[in-house]
Number of protein chains: 4
Amino acid sequence: MRIPVRVYYQDTDAGGVVFHAQYLAFMERARSELLNEAGIDLGRFAERHGLLFMVHELAVKYHRPARLNDMLSVSAEVVKLGHASLVFRQRVERDGELLVEADVTLALVERGRMRPARIPEELEQALK
Amino acid sequence: MRIPVRVYYQDTDAGGVVFHAQYLAFMERARSELLNEAGIDLGRFAERHGLLFMVHELAVKYHRPARLNDMLSVSAEVVKLGHASLVFRQRVERDGELLVEADVTLALVERGRMRPARIPEELEQALK
Amino acid sequence: MRIPVRVYYQDTDAGGVVFHAQYLAFMERARSELLNEAGIDLGRFAERHGLLFMVHELAVKYHRPARLNDMLSVSAEVVKLGHASLVFRQRVERDGELLVEADVTLALVERGRMRPARIPEELEQALK
Amino acid sequence: MRIPVRVYYQDTDAGGVVFHAQYLAFMERARSELLNEAGIDLGRFAERHGLLFMVHELAVKYHRPARLNDMLSVSAEVVKLGHASLVFRQRVERDGELLVEADVTLALVERGRMRPARIPEELEQALK
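Residues numbered from 1 in each chain as written. Chains lettered and ligands numbered in written order. Predicted model: local features only at pLDDT ≥ 70, side-chain atom pairs only at ≥ 80, totals over all residues. Heavy atoms only, no water.

**Let's talk about the sheet that holds strand S4 (residues 85–94) of chain C**
Within the open sheet, the 10 strands sit side by side as S1(B)-S3(B)-S4(B)-S5(B)-S2(B)-S2(C)-S5(C)-S4(C)-S3(C)-S1(C). Their pairing is antiparallel. The sheet is open, and its two borders are formed by strand S1 (2–6) of chain B together with strand S1 (2–6) of chain C, each paired with just one other strand. Recorded for the sheet is a direction-independent mean angle of 30° between the axes of neighbouring strands. Note: S4 of chain C against strand S5 (residues 97–110) of chain C, 10 bridges, orientation antiparallel. (Pairing = 2+ DSSP bridges. Helix = DSSP H or I, 4+ residues; strand = E, 2+ residues; numbered from the N terminus. Axes fitted to C-alpha atoms, helices over the stretch in contact; angles between N-to-C directions.)

Structural data, given as structure tokens:
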């Protein structure tokens, strides 16, 4: 999955570039669209199964900054699919140049008690 | 209620000043602390009564911008208390100078159906 | 100008709906795209002219909340164009239903001293 | 450095917990206050030296989620100080329980060309 993301004032900071945590928000958008394309609506998924995806671990490298009004391309790819967690590899690019890359590990948890949960068959199939 | 708010990079934009919508987030902090002081924990309130406060109307005037590392003072005062809504008057100041002011109207709604709800007696008493 | 906006977790709050100030961020995206379409790149505009658009006044009405994964349509239209300010009327809709509407007044200011500035001829022509 | 951070609606998402990228914003607050205490005002520092701190690398582990109205304690400690970069170790805790921990590597860059810059003597002394 690869989505276009425009940089607006709301994404930048007084350094004149995109605020570092905002790239993680861009990446969340790409993950959500990947899930949408696989037929998983996160809102309905949470209600139906009582399960939430929680970010469990992040490893991010920032190579170059994005600036106001840049048109970026943000990708998400599942690189590991376990029983209770999955890892996305994600890249933010501008005209083919790598700006930021990250490995984002998500764990599935029960909504109420926040305990680890097994990924439902339906979701596993959809992500393959 | 009056709370101190420091301006960090996360609050600013590439214009070098605080992003306009972020002052509304500062104001939400002051409203929450006013409710906390009145003994209302919004999280528990939502669970116990199944009720949510929703912003219904906003009127905001921006006079001067705040900048990185400024120390601001943000106030919240209830100026009108109706059966199903209340109005806060809020000000963002720096060294006594008015930067932003707003009237924020909140309505109480049922969490599930998002229908207007009457303000519970307990809350009405607490806010008086 | 009318842009599609998907609602992601980053836009929502613990009330299960879009955080009220986030609709203003959605609206900023639509204004920026209107300016882009008129040939105004805000980043370059700020550098070339030393001028910034600042939000000066906001009047917002919230009718219905948007939820996770909703696909919204956000519009921006210039309804008043003065010598030093302009007013946008903006609407957030879902399937033709009005969720939030706002009048957003912007003033043009000199970047350094934050003093009101006259809208350049080039910009005035572009916005007509 | 250790600062108190209250969780407001603006920090949470529809999962009922703090949005994962928002902990990084909390950590930025603690780093800024550490620098303030060391006599470094980031805004003036950027203007005087033409230098910016950019986040260069992030490694984050999420152990437990924070919820609406929680009172958190967020710490920042310099664990490595190089010629052109420094590493902060940061923790988000609630009542002594570790919720999130991160190593945040910052690089100093020239504001215009975004090229690596040597940390000024003044700053090195202040951080020791």
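**Some details on the interface of chain D and chain A**
Counting from both sides, the interface comprises 24 residues of chain D and, opposite them, 24 residues of chain A. When chain D packs against chain A, the two sides together hide about 2000 Å² of surface, and 63% of this comes from carbon and sulfur. Its largest share of buried area at the contact with chain A, chain D owes to His-20, Leu-58 and Tyr-62 of chain D, together 25% of the area lost on that side. Counting the contacts that link chain D with chain A gives zero salt bridges. Put simply, the parts of the chain that give the side of chain D that touches chain A at least two residues each are helix H1 (22–37) and strand S2 (51–62) of chain D. When residues in the side of chain D that touches chain A are grouped by element, the largest group, 10 residues, is from S2 of chain D. Looking at the side of chain D that touches chain A residue by residue, the class counts come to 14 nonpolar, four polar and six charged. In this sheet, S2 of chain D lies alongside strand S2 (residues 51–62) of chain A in antiparallel orientation, the contact comprising five bridges. Residue pairing for S2 of chain D: Glu-57 of chain A is matched across the bridge by Lys-61 of chain D. (Contact = heavy atoms within 4.5 Å. Buried area = accessible area lost by both parts, 1.4 Å probe. Salt bridge = Lys/Arg side-chain N within 4 Å of Asp/Glu carboxyl O. Nonpolar A, V, L, I, M, F, W, Y, C, P; charged D, E, K, R; others polar.)

**A word on the environment of Thr-12 of chain A**
Here Thr-12 of chain A is to be found in the loop between strand S1 (2–6) and helix H1 (22–37). Residue Thr-12 of chain A is classed as buried on the basis of its relative accessible area of 2%. In this structure, the C-alpha to C-alpha distance between Thr-12 of chain A and Leu-68 of chain A, residues 56 residues apart in sequence, is 6.8 Å. In contact with Thr-12 of chain A, not counting residues within four places along its chain, are Val-7, Val-17, Val-18, Phe-19 and Leu-68 of chain A together with Thr-12, Asp-13 and Ala-14 of chain B. Among the polar contacts made by the side chain of Thr-12 of chain A, one reaches the main-chain carbonyl oxygen of Tyr-9 of chain A at a distance of 2.7 Å. Polar contacts involving the side chain of Thr-12 of chain A include one to the main-chain amide nitrogen of Ala-14 of chain B, which spans 2.9 Å. (Buried < 20%, exposed > 50% of the residue type's maximum accessible area, 1.4 Å probe, protein only. Polar contact = N/O pair within 3.5 Å; in protein donor to acceptor, adjacent residues only side chain to side chain.)

**Points about the sheet that holds S1 of chain A**
Spatially, the 10 strands line up as an open sheet ordered S1(A)-S3(A)-S4(A)-S5(A)-S2(A)-S2(D)-S5(D)-S4(D)-S3(D)-S1(D), and their pairing is antiparallel. This sheet does not close on itself; its edge strands, each paired only once, are S1 of chain A together with strand S1 (2–6) of chain D. For this sheet the average axis-to-axis angle between neighbouring strands, irrespective of direction, equals 30°. Pairing between strand S3 (residues 71–81) of chain A and strand S4 (residues 85–94) of chain A: eight bridges, direction antiparallel. Its bridge partner being in S4 of chain A, Lys-80 of chain A is matched across the sheet by Val-87 of chain A. Helix-sheet contacts for helix H2 (residues 42–49) of chain A involve S2 and strand S5 (97–110) of chain A, and the interaxial angle to S2 of chain A is about 135°.

**Quick notes on the interface of chain D and chain B**
The partner chain B presents 18 residues to the 18 residues of chain D that form the contact. Summing both sides of the interface, chain D and chain B together bury roughly 1600 Å²; the carbon and sulfur share of this comes to 42%. By the criterion of area lost to chain B, the three top residues of chain D are Tyr-8, Tyr-9 and Gln-10 of chain D, representing 34% of everything that side buries. The interface formed by chain D and chain B holds two salt bridges in total. Residues Arg-6 of chain D and Glu-33 of chain B are paired through a salt bridge, measuring 2.9 Å at the closest nitrogen-oxygen approach. The tally of links from chain D across to chain B stands at 16 residue pairs in polar contact (both at pLDDT 80 or more). Mapped by element, the contributors of at least two residues to the side of chain D that touches chain B are H1 and helix H2 (42–49) of chain D. At seven residues, the largest contribution of residues to the side of chain D that touches chain B is made by H1 of chain D. Of the residues belonging to the side of chain D that touches chain B, the class tally is seven nonpolar, six polar and five charged.

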